[in-house]
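# Overview (structure and organization)
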Amino acid sequence: RRGEARVVVGTRSAVFAPLENVGLVIVDEEQESAYKQEETPRYNGRDVAIMRARMENAVTLLGSATPSLESFHHAQTGKYRLLQLETRIENRPLAAVEIVDLREDFRQTHRAGPISGQLDTAIAWRLAEGTQALVLINRRGYSWFLLCRSCGATVQCENCSISLTYHKRSERLLCHYCGYTRRVPKTCPKCQSEYVYFVGEGAEQLEEQLRERFPDARVGRLDRDSVRSKREYQKVLGAFATGKLDLLVGTQMVAKGHDFQRVTLVGVVSADTALALPDFRAAERTFQLLTQVAGRAGRGKLPGVVLVQTYFPEHYAIQHAALQDYLGFFEKELHFRRLMHYPPFTALANLIVRDRKMENAVRWSRALEGFLTAKESRDLRVLGPSPAPLARLRREYRFQFLLKSPRRTLLTRTLAAALDFCAKKEIPESAVHVDMDPLSLL
């Protein structure tokens, strides 16, 4: 505030830094969901940056190789000015991207492991020539969940409506939402059968399989389980950057912002898992992740190759990511958003009613339903109430309304009126969660 520092670098809260004479606000990787704060006060750091720069008569620069659909739509319609970097530094070519059809791989190999025959061969080749490979698998832990083959039950979190993930290093089952853990049962908790087994592969298991398959290779892993502190994070990245590691396995932490000069191969395991999520941004997030991780290959003088493994090679998000064709994806996705009345063509709000007692959540949701249904019009659509995709989270039962309107002012007025209605009906403030412009609908 005294003017001793003229530049502030930081995470989303840095947008509130007490600078007196702001001339430029830069939002790097503007599409990142990390800019959205999910707890009170809820805000999107990117949108706050735009508003603050406007108030200060300054310039906002939004940077991204894969802009959010909303931002690029604003650029296309003239609300923002579009600046494009058409080539890589020193005119280096983009990495060649190949799609590996796991259905065909299974027909040929008769095994359904996380590493296809084509990716296995490509890794072996890189190890032989002395270059490096990066393998992305966007799932933490060792296995997705524990399944009973006798009764079909899974081991669920006590607080959330989700299966627990197996972490081998700690020998625990863990909920990635509330942090609940328990020991791995030797028999099924429901039917006491001994026929329990682990389903699916996570980053921990993939690292183990690569170590077994390539015993002479130096393998590292980068995810929230393997690096708990900034020092550990820098240690793993530094080892890979200086050539002390040959293979690096990781979640989306490895996909963005890194400049590894000797990486000539990037393998993407299970590229299509995110497409199954009940969220209208699923295709956009998949395209962004694949395009970003493809940018890690061939950044030095050596050319790069990207192998994208998928069971759904026909999906337009995967096809356009393989071509690294942002404009083609944008036009296709924009068409669906327009048809279904989703952003950027409408403003969206997510209203969740929650309580530890299901009967309370149901009763309050029905009361709100009557109020919101009466407000529906041509310019206001109300979807719900329905159980949220995560119907129980941290011991609270959750019911969801989605409100859409092409007029943001109408949407905000309706939400304010809904909160007033809740107060009159003595519905607790803590039971009603309103999220304007939600980035996650789970």
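Position of leucine 134 among the secondary structure elements: in strand E6 (residues 132–137). Taking relative accessible area as the criterion, leucine 134 reaches 1% and is therefore assigned buried. Here the alpha-carbon distance between leucine 134 and threonine 264, two residues 130 residues apart in the chain, equals 8.5 Å. Leucine 134 has contacts with Phe240, Leu248, Val254, Val263, Leu265, Val266, Gly267 and Arg296, leaving out every residue within four places of it along the chain.

This part takes up the nonpolar core. In this structure, Val266, Val268, Val306 and Val308 are the most contacted members of the largest nonpolar core, which totals 40 residues. Looking at this core, the elements with two or more residues in it are helix H2 (69–76), E6, helix H6 (230–241), strand E14 (263–269), helix H7 (282–294), strand E15 (305–310), helix H8 (316–323) and helix H9 (326–340). Top element by residues in this core is H7. It accounts for six residues. Valine 308 has contacts with Val97, Glu98, Ile99, Val100, Val268, Ala271, Leu290 and Ile318, leaving out every residue within four places of it along the chain.

A word on the sheet that holds strand E8 (residues 165–167). Strand order across the open sheet formed by three strands is E8-E9-E10, with antiparallel pairing between neighbours. Both edges of this open sheet fall to E8 and strand E10 (181–183), since each of them pairs with a single strand only. Recorded for the sheet is a direction-independent mean angle of 35 degrees between the axes of neighbouring strands. Inspection of the sheet shows E8 paired to strand E9 (residues 172–174) by three bridges, in the antiparallel sense. Across the sheet, threonine 165 pairs through a bridge with leucine 174, a residue of E9.

Note on placement: aspartate 225 falls in the loop between strand E12 (219–222) and H6. The class of aspartate 225 is buried, set by a relative accessible area of 7%. Those residues within four positions of aspartate 225 in sequence are excluded, and the remaining contacts are Arg140, Gly141, His167 and Arg169.

Rules used throughout
- The numbering scheme is per chain: residues are counted from 1 as the chain's sequence reads.
- Selection of residues for local features in this predicted model requires a pLDDT of at least 70, selection of side-chain atom pairs for listing and counting requires 80 or more, and totals for whole chains, interfaces and linings are taken over all residues.
- Remark: hydrogens and water are excluded; side-chain values derive from all non-hydrogen atoms of the structure.
- Helix and strand definitions here come from DSSP, where helices need a minimum of 4 consecutive H or I residues and strands a minimum of 2 consecutive E residues; each element is numbered from the N-terminal end.
- With a 1.4 Å probe rolled over the protein chains alone, any residue whose accessible area is under 20% of its type maximum counts as buried; one over 50% counts as exposed, and the rest are partly exposed.
- Contacts are assigned to residue pairs with any non-hydrogen atoms lying within 4.5 Å of each other.
- We call a set of buried residues a nonpolar core when its members are Ala, Val, Leu, Ile, Met, Phe, Trp, Tyr or Cys and they connect through side-chain atoms within 4.5 Å of each other.
- Only when DSSP finds a minimum of two bridges between them are two strands counted as paired.
- Axes here mean lines fitted to C-alpha atoms, for a helix over just the part in contact, with angles spanning 0 to 180 degrees between N-to-C directions.

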